[in-house]
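Now for the letters of each chain:
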Amino acid sequence: SAVISQKPSRDICQRGTSLTIQCQVDSQVTMMFWYRQQPGQSLTLIATANQGSEATYESGFVIDKFPISRPNLTFSTLTVSNMSPEDSSIYLCSVGQSETQYFGPGTRLLVL
Amino acid sequence: GQNIDQPTEMTATEGAIVQINCTYQTSGFNGLFWYQQHAGEAPTFLSYNVLDGLEEKGRFSSFLSRSKGYSYLLLKELQMKDSASYLCAVNLEDSWGKLQFGAGTQVVVTP
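Residues take numbers from 1 onward in each chain, read along the sequence in its written order. Here every chain gets a letter starting at A, and every ligand a number starting at 1, in the order they are written. Where local features are concerned, this predicted model is filtered to residues with pLDDT of at least 70; where side-chain atom pairs are given and counted, the filter is 80 or more; whole-chain, interface and lining totals use all residues. The side-chain quantities take in all heavy atoms of the structure and omit both hydrogens and water.

Enquirer: Could you clarify how one ought to interpret the overall build of chain B in this entry?
Expert: Starting at the N terminus, helices and strands are each numbered in turn, a helix being any DSSP run of H or I of at least four residues and a strand any DSSP run of E of at least two. Along the backbone of chain B there are zero helices and 11 strands. Each radius of gyration is computed over the set of C-alpha atoms, and the globule rule expresses the reference value as 2.2 Å times the number of residues to the power 0.38. The C-alpha atoms of chain B give 13 Å as radius of gyration, which agrees with the globular expectation for 111 residues (13 Å, within 12%). By its C-alpha atoms, chain B is 40 × 30 × 20 Å across when sized along the principal axes. Only protein chains enter the accessibility calculation, which uses a 1.4 Å probe; a residue whose area is less than 20% of its type maximum is buried, one above 50% is exposed, and one in between is partly exposed. Taken across its 111 residues, chain B has 48% of its residues classed as buried. A contact between two residues is defined here by any heavy atoms of the two lying within 4.5 Å. Pairs at least 24 apart in sequence give 54% of the contacts found in chain B among residues at least 6 apart. In summary, the charge assignment counts Lys and Arg as positive and Asp and Glu as negative, without counting His or the chain termini. The location of each charge is read from NZ of Lys, CZ of Arg, CG of Asp or CD of Glu. Put simply, chain B has 7 plus and 11 minus side-chain charges, and the middle of one group is 4 Å from the middle of the other.

Here's what the structure looks like:
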């Protein structure tokens, strides 16, 4: 099974600032995904991080707000830009492997 | 739109059996996942069904009927540690990872 790590595990940020979240996988994977879980809610897909091309965003999410990098097959970053309290969520990285979809431990973000 | 429905909460006694139902109406379907999520933790993979029928893994079983847009997760011999949220998720496309999640079912196991 894939082992996924994320940094930071949690952060408290001020309104208007940006935070970059890192996701590292212990094996090469074709596609990596970023999800968000708002307080008391289920998971929502933000975007697919494609290696060698721009990320593909889901409806309601835009590149200016959530820029994504995917420099290689084991690593991706998600930036939450110009944060507001509504961005307070858990952000999770996910990869698919052998008919299984794994999730990282998540980054808990609180915006004040 | 995508609709994935599951009950909000279920309560059961330690040692009992609980069945969590999930119905879906989605634009695409390439399999259905069940995840367990304890409070403050990331979801943990439980099962994946792409063909009709029952898949059994120890105390947990998952069933799928594609024609009915229906799945269930069966938890047997409940233990206190099974108290968690259980998430049903549909893989929407042929490629992996584009999951549409239900709201989750909070299972409370009582002594």
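What follows picks up the thread again.
Enquirer: Teacher, can you tell me more about the side chain of threonine 107 of chain A here?
Expert: Residue and element names in this part refer to chain A. Assignment of secondary structure puts threonine 107 in strand β11 (residues 107-111). Threonine 107 sits in the buried class, given a relative accessible area of 0%. Two N or O atoms count as a polar contact when they lie within 3.5 Å, although within protein this holds only if one can serve as hydrogen donor and the other as acceptor, and sequence-adjacent residues are included solely when both atoms are side-chain atoms. From its side chain, threonine 107 meets the backbone oxygen of proline 8 in a polar contact 2.7 Å long. Those residues within four positions of threonine 107 in sequence are excluded, and the remaining contacts are Gln6, Lys7, Pro8, Ser9, Ile21, Ser89, Ile90 and Tyr91.

Enquirer: What's the story with the pattern of salt bridges in this structure? I'm lost.
Expert: If charged atoms from side chains of opposite charge come close, those side chains can pair. All names here are of chain B. Here, a salt bridge means any side-chain nitrogen of Lys or Arg that lies within 4 Å of a carboxyl oxygen of Asp or Glu. The final tally for this structure, using the stated rule, is five salt bridges over all chains. Across the pair aspartate 52 and arginine 66 runs a salt bridge whose closest N-O atoms are separated by 3.0 Å. Of this pair, aspartate 52 sits in the loop between β5 (44-49) and β6 (53-57) while arginine 66 sits in the loop between β7 (60-65) and β8 (70-75), and the two are 14 residues apart along the sequence. Salt-bridge contacts for glutamate 56 lead to lysine 76; the nearest nitrogen and oxygen are separated by 3.5 Å.

Enquirer: Teacher, can you tell me more about the packing of aromatic side chains here?
Expert: Side-chain rings of Phe, Tyr and Trp (the six-membered ring for Trp) are treated as a pair once their centres are within 6.5 Å; stacked means planes under 30 degrees apart, edge-to-face means over 60, and tilted covers the remaining angles. The full count for this structure, using the stated rule, is 15 aromatic pairs over all chains. Between phenylalanine 66 of chain A and tyrosine 91 of chain A, the aromatic rings sit 6.5 Å apart at their centres with planes inclined by 45°, giving tilted as the arrangement. Residue phenylalanine 66 of chain A is located in the loop between β6 (56-57) and β7 (68-72), and its partner tyrosine 91 of chain A is located in strand β9 (residues 89-97); the two are separated by 25 residues in the primary sequence. Judged by its relative accessible area of 3%, phenylalanine 66 of chain A is buried. With a centroid separation of 4.9 Å and an interplanar angle of 10°, the aromatic rings of tyrosine 24 of chain B and phenylalanine 29 of chain B are classed as stacked. A connected cluster of aromatic rings, assembled from ring pairs, spans Tyr35 and Phe103 of chain A together with Phe33, Tyr35, Phe45, Tyr48 and Phe101 of chain B.

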